[in-house]
Structure formats: structure tokens, C-alpha cells
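Structural overview
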Amino acid sequence: MSGAALGLEIVFVFFLALFLLHRYGDFKKQHRLVIIATLLAWYLCFLIVFILPLDVSTTIYNRCKLAVNSSPAESNGSYVTVAPSKQKCFKPWSYIPNGIMPIFWRVVYWTSQFLTWILLPFMQSYARSGGFSITGKIKTALIENAIYYGTYLLIFGAFLIYVAVNPNFNLQWNQLQTIGIAAANTWGLFLLVLLLGYGLVEIPRSHWNGAKRGYLLMKTYFKAAKLMTEKADAEENLEDIMEEVRKVSASIKYNHPLRKCVDTILKKCPTEYQERMGRNMDDYEDFDERQNSYPSEKSLVKLHKQVIYSVQRHRRTQVQWQILLEQAFYLEDVAKNETSATRQFVHTFHSQEPENKIIQYFYTPTVEWYWECLLRPWFYRVLAVVLAMFSVIVVWSECTFFSTKPVLSLFAVFIQLAEKTYNYIYIEMACFLTIFFLSICVYSTVFRIRVFNYYYLASHHQTDAYSLLFSGMLFCRLTPPLCLNFLGLTHMDATISHRNTQPTAYTSIMGSMKVLSFIADGFYIYYPMLVVILCIATYFSLGTRCLNLLGFQQFMGDSEMTSDLIDEGKELIKREKRKRQRQEEGENRRREWKERYGNRDDSTRNRVVHTDQKESSFSETSTNRPLSKYTRSNGRTERDRIELLQDAEPLDFNADSINDDPLESDSGRYQPGGRYLSMSRSKIFDDV
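Residues numbered from 1 in each chain as written. Predicted model: local features only at pLDDT ≥ 70, side-chain atom pairs only at ≥ 80, totals over all residues. Heavy atoms only, no water.

Another aspect to go through is the pattern of salt bridges. Counting across every chain of the model gives eleven salt bridges. Connected through shared salt-bridge partners, E230, R316 and R450 make up one network. (Salt bridge = Lys/Arg side-chain N within 4 Å of Asp/Glu carboxyl O.)

Next up on the list: helix α11 (residues 365-400). For α11, with 36 residues, the first-to-last C-alpha span of 50 Å sits near the 52 Å given by 1.5 Å per residue. Where α11 bends most, the angle comes to about 50°, and this point is L375, followed within four residues by the proline P377. (Helix = DSSP H or I, 4+ residues; strand = E, 2+ residues; numbered from the N terminus. Expected span 1.5 Å × (residues − 1). Bend = angle between axes of the 7 residues up to and from the residue.)

Attention now goes to the side chain of N145. When you line up the elements, N145 lands in helix α4 (residues 134-165). If we ignore the near neighbours within four places in the chain, the residues touching N145 are P121, F122 and S125. (Contact = heavy atoms within 4.5 Å.)

Our focus in this paragraph is the UniProt feature "coiled-coil region" (unreviewed entry) in the chain. Mapped onto this structure's residue numbering, the UniProt feature "coiled-coil region" (unreviewed entry) falls at residues 224-251. In residues 224-251, the share of helix is 100% and the share of strand is 0%. The end C-alpha atoms are 40 Å apart. (UniProt positions renumbered as here; feature names shortened; annotations may be inferred.)

What follows concerns the environment of L216. Along the polypeptide, L216 turns up in helix α6 (residues 213-251). Residue classification places L216 among the partly exposed residues on the basis of a relative accessible area of 25%. The spatial distance from the C-alpha of L216 to the C-alpha of S206 is 9.9 Å, given a sequence separation of ten residues. (Buried < 20%, exposed > 50% of the residue type's maximum accessible area, 1.4 Å probe, protein only.)

A cluster of nonpolar side chains, namely W396, L408, L410, F414 and Y426, defines an oily patch on the protein surface of about 430 Å² accessible area. Residue placement: W396 occurs in helix α11. For W396, a relative accessible area of 45% gives the class partly exposed. (Patch = residues over 30% accessible without salt bridge, like charges linked within 9 Å, V, L, I, M, F, W, Y side chains within 5 Å. Areas by Shrake-Rupley, 256 points an atom, 1.4 Å probe, with all protein chains shown as cover.)

So, on to the packing of aromatic side chains. Per the counting criterion, the structure on display carries 32 aromatic pairs. Relative to F50, the ring of F12 has its centre 5.9 Å away and its plane inclined at 65°; by these criteria the two rings are edge-to-face. Note that F12 is positioned in helix α1 (residues 4-24) and F50 in helix α2 (residues 32-69), a separation of 38 residues in sequence. The class for F12 is partly exposed, based on a relative accessible area of 49%. Relative to Y370, the ring of W369 has its centre 5.2 Å away and its plane inclined at 90°; by these criteria the two rings are edge-to-face. (Phe/Tyr/Trp six-rings, centres within 6.5 Å; stacked < 30°, edge-to-face > 60°.)

Below, the discussion takes up the packing of α2 against helix α3 (residues 100-128). Closest axis-to-axis distance for the α2/α3 pair is 10 Å, and the angle between their directions is 150°. Crossing hand, α2 versus α3: left-handed. Where α2 abuts α3, its residues L33, V34, A37, L40, A41, L44, L47, I48, I51, L52 and D55 lie against M101, F104, W105, V108, T111, S112, L115, L120 and M123. By residue class, the composition of the contact of α2 with α3 is 17 nonpolar, two polar and one charged. (Axes fitted to C-alpha atoms, helices over the stretch in contact; angles between N-to-C directions. Left-handed = near helix turned anticlockwise from the far one by under 90°. Nonpolar A, V, L, I, M, F, W, Y, C, P; charged D, E, K, R; others polar.)

In this structure, W42, W105, L200 and Y506 are the most contacted members of the largest nonpolar core, which totals 97 residues. Broken down by element, this core gets its largest block of residues, 21 residues, from α2. Leave out the neighbours within four places in its chain, and W105 touches I48, I51, L52, D55, A505, Y506 and I509. (Core = buried A, V, L, I, M, F, W, Y, C linked by side-chain atoms within 4.5 Å.)

What follows concerns unusual backbone geometry. A cis amide bond links K405 with the next residue in sequence, P406, at an omega value of -5°. With respect to the secondary-structure elements, P406 resides in the loop between α11 and α12 (410-421). Positive phi, close to 55°, is recorded for R343, a residue that is not glycine. Inspection of the secondary structure assignment puts R343 in the loop between α9 (297-337) and α10 (357-362). Overall, the relative accessible area of 41% leaves R343 in the partly exposed class. Positive phi, close to 55°, is recorded for Y422, a residue that is not glycine. On the basis of relative accessible area, Y422 is assigned to the buried category, the value being 11%.

The structure is reproduced here in C-alpha cells:
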């Protein structure tokens, strides 16, 4: 089993990162380098979280062997308190041989740092560039990152000058490397505490509110109103950009030197706009530089960038609107089925995607009713209570982990108790649950936050390349300080425990933080206490209230603006629900029409063909050609009339008003509906 656990976790974490990236990214449309870079960043960060418990158990075993093979005077304050002659060390099932973990951590850490500080920022600028060639995009990326890289070089250069001038510092390469690691971890810890303070409160509260059906439905209505505004804005922005593209395409003809750039822009436009521009464009006209003023290449690069952004935003809002509609319809179905006497879950609309037969067999309507209406609310309440207890333990440990005598950090107490009995399974499970909960609190906040329209992780393959790369940067910067914070909570970091013991392989590559005592003994110890203030601010929704005062509408139950948006969203959902009901009724009527008159149409076609054959044979032996001609035209007219009636879409006579749906048809033609309201819907074509 030596090393088998490490190999299994490496494979499992890879597929986990691939699954999450497939949920948020689009493998078919996005560039392969963007997918590979983001996958590598996510994979390395998740790998650190999953492998670190194995490093802890292996380190405890190595400490035991060191204590057994040495005398009590040579143990130098080890955790082991039993006499070496009576001590017996048991090798853990997931033991990793010596020499593997240091190399593994060194490769993983420095690769992630290269990604977050050098490669991913460059690829962000490259992905957002509107250049038409690889050289142009690289040039734009270098120019945009010159200030970014120059700032870090300036700070690092000033620090080197200070060290060289000060005679008290005699730094070597290893110490200089440790200072760079400490600077990166300090930046990451500053952001880590902010995200952790939000996640420790919001995750239990979101699960507790998940048990409230009315709360979720009201919040969905609120989201619908906001998303409709964003959707309308995205459509208007796309129309404006497409109008500019049309003007540019009409001015730059086929033999203009910049025509290739225009064709590249046209390929990024939606299909309907491409067809519309293709019909209205005359490429056979030559361009005349003396009469017309043509846009420059820089303006085309800017237009290309705007097209990419507007098309991605429009597509994202369309998909999110459909997903939000499905969620709203489902929550409304749950509210209706709660009072059902049959205890069978009934859906208003059938699922558009085919369901798995195995799921249909086990997840019957009765099982669905018991889960959605009875069991799920209680499950969410119990889960919220458990998560709240974990949050309280984390907050307490963050404020007391620096105390070694007595040990106040609960995570350190649990690990030390398991270390005395060498229960490695318990040690690894406790370490995994602790760091997994910390990771969920931090990473879920990264997935939830939204910086206007520049950074936003949208599910269902709607995240753009810039946001994917930015998330990879955040993960790579947050994971190392997260792991160091976890080792400090469990007193596995010698800098925190102040014990001369064998360090873990992960802390060994970080170097000794004693080089910068004000960071090791000051910032790393006292700054995590700020999480208490952040948790209190999150509990009372101070950030949400501040954003609401600044004009960014947030969901708040005691706000008048929130109530207005809920009412607006409710009306939008009702309108979309009526629209979908009319569509389903129209499809059902068309299906009934085809089933009722399909056979009659076939017999009519055969009868018309037989009549044509008889008339054609009769015309060969008779001189009465006008009669034969009239008979064939009459049969053709009858056949055309039947086909026209068969393909005609039944009108909708069940709408509440004519203005329920402002877009009556895709073609844009108006269909009067008030003239036949008194007719029966099922007997419209009975006389045909």
C-alpha cells in the first residue's frame, strides 16, 4: 500500500478538477490553452488540499521512529512522552516513503506560483485582446502586463537595496527564497481571511434558508427581475455593436487590405446577424480611398474585442434566464405539491431533457414528493446546524491557535489525542475534514463573488476565458496560505508550536519564517483573529446593506426596493409560464391534428394521383384537352390546400389578453386573435 494512496488521490483529484471545469467552462468554444492552464491551476490547488493529510500522518510516523531510535535527551521536546523502550510505532496504511513528498511539494508549489504570477496574468490579457494575429495579441498582452510586472520588480528591487545597505542582514539564497515565499503567503493570507470570514457564516445560513420554500421562491423572483434587466441591457448592447459591425462591413469592400479583419469579426457574430449582413452587403463594389474614410486597424481591434465580450454576455444571460425559469417553475411546483393529498409529485411542465431510466425507476413521483416536501427541509436544517458548529470551532481555533500551554485550539487537541494512540485513520479523517471545510468556505466564496461583468463564474458552460483564468490565479494564491493556516490550527507547524520537532514536508519547502520575525510572530499570529469581526459583519449583512445603499440592488427582506423587484419578478415568471403553456398547447394541437388527419391526407394524396393517371391516359385517346387540364389543376389545388392546412399552426385562443405575449411569432407578423374568440378550440377544422 506504500504510495498507493498518493496515486489514487492524484487520479481522483484530476477528474474532480476536470468535472468542475467542464461545468463552468466550454471545451468546444474556448481556446485549448485557456482550458489547459485553468485545469492545471485548479488541479494543483485541489491536489494540495487532498494530499496534505497524508503528509501529516507520514510526519507523525517519522516523529515516532525518530523518538524510538533516540534517547530521551535527544528527542528535544518531541510530542512523544512514552519511554522509547516501551514505544512501538505502527506504519500508517497511507505511508509515503521518505524523499517523495519534498520533491512532490516543491514541484506542485513552484508550478502553481509560476502560473499565478507570470503565466495566467499574461494569458488573461491575451484572451481579452482583440488582435487578429498571434503576434498582435502577444504584443497587447505584454503592454498591458508591463505595469503589473514592473510594480513587483520595483518592490523587489527596493527590498534588495535595503538588504544590501543594512549591515544587520546577511542573506543567502535560501533566505531570499524564503522571503519571497513569505511575501506571497502574506498577500494570500490577507485575502484568505476576508473570504473565510464570509464563508463561515454564509454557508450554514444558505443551507438553513434552503429549507424555507417561501424564502427560496422570493429570492428566485428577485433574481428574475435583476436578470431580466441585465438580459435587456445585454441585448441592447449587442444590437449597438452589431450596428457598428454592419457599418464597418458595408464600408470596407472585398478588395480592401483590412477586409480579412472584418471577416474575422463577422465570424464572431451570431448566425442571424451574419445572414442579415450577408444579404445587405455588396462585395462587388471597389473601394475608393479618396471618397470614403475607412476605420483604422486599431479601431477594428477595439471593435473585435467588443464583439467577443457582447456576444459572450448575451449568450450567458440567455442561458441563465432559461435556467432561472426552470428553477422558479420547480419551486412553484414544490409549493403546490406540499398540500397534495395523493402524495405524488406533479410537475407543471415535463422535463425538456430525457431522464435516465434508472433514475425514473427509483425516483418515482411518490419518492420525489417525500424527499422534496418532507425530508429535504429537515436534511438542510440538520446540515446547517452541523456546518454552524464547524464554523464556531474554526473561529475559536483561529483566535487561540497561538496558545501552546495550554492547547486551546480544538483541532490541535483532536490531532494530539489521536497521535498518542497512533490512530492514523482518525488523524487523516480529522485533517481532511478540517482542511476540506476551510477550502469549501474559501473556494465557494470565489465561485460566488462577482466583480461587475469582469469576473463572474457562471455554471452551465457560460464562464468566459478571462474569469476562468482569474479564478485559477486566485486559487493558486489562496491555497498555500490556507494550508499553512491549517497546519497552524493543528500545531503541526513548528513556527506556531515552538517545538523542535521534525516538520512536515510541506513546511520544509517554505523555509524558516524566523528570517522575518515580524511576519512569523506578528502578522501570521494576530491577523487571523480578524475573522471574528468579518463573521459578525457577515451575520448582520453589513456588506449587503452597504451595497444596497450604493445603488446595487441586493436581496434584503426589509427593503422596499426588494419588495418591488420581487413583485416584478413574479409577474415575469407568470408571463413566461403562460407563454410556455401556450407553446405546449399548440404542440399538442398540432400533434392531434396530424394524428386525426394524417391518414386522410395519405388517402387523399393516393386518390389525387390515381385521378391524374386516369386523366392522363384519357387525354392520350381523346381530343378534349381542356377537360384533362382542368382536372389536373383541380387535383393540384386540392392537394395544395390540404398540405397548407396540415402545416398551418393552430391559433391560440386561450390567452388572457392579446398583449400577454408582445412577440406573437418569430417572423414578426401580427396574428389577430380577437375575431374568433367565440369559436371552439377543438372544432375549428371539423368542417375541412
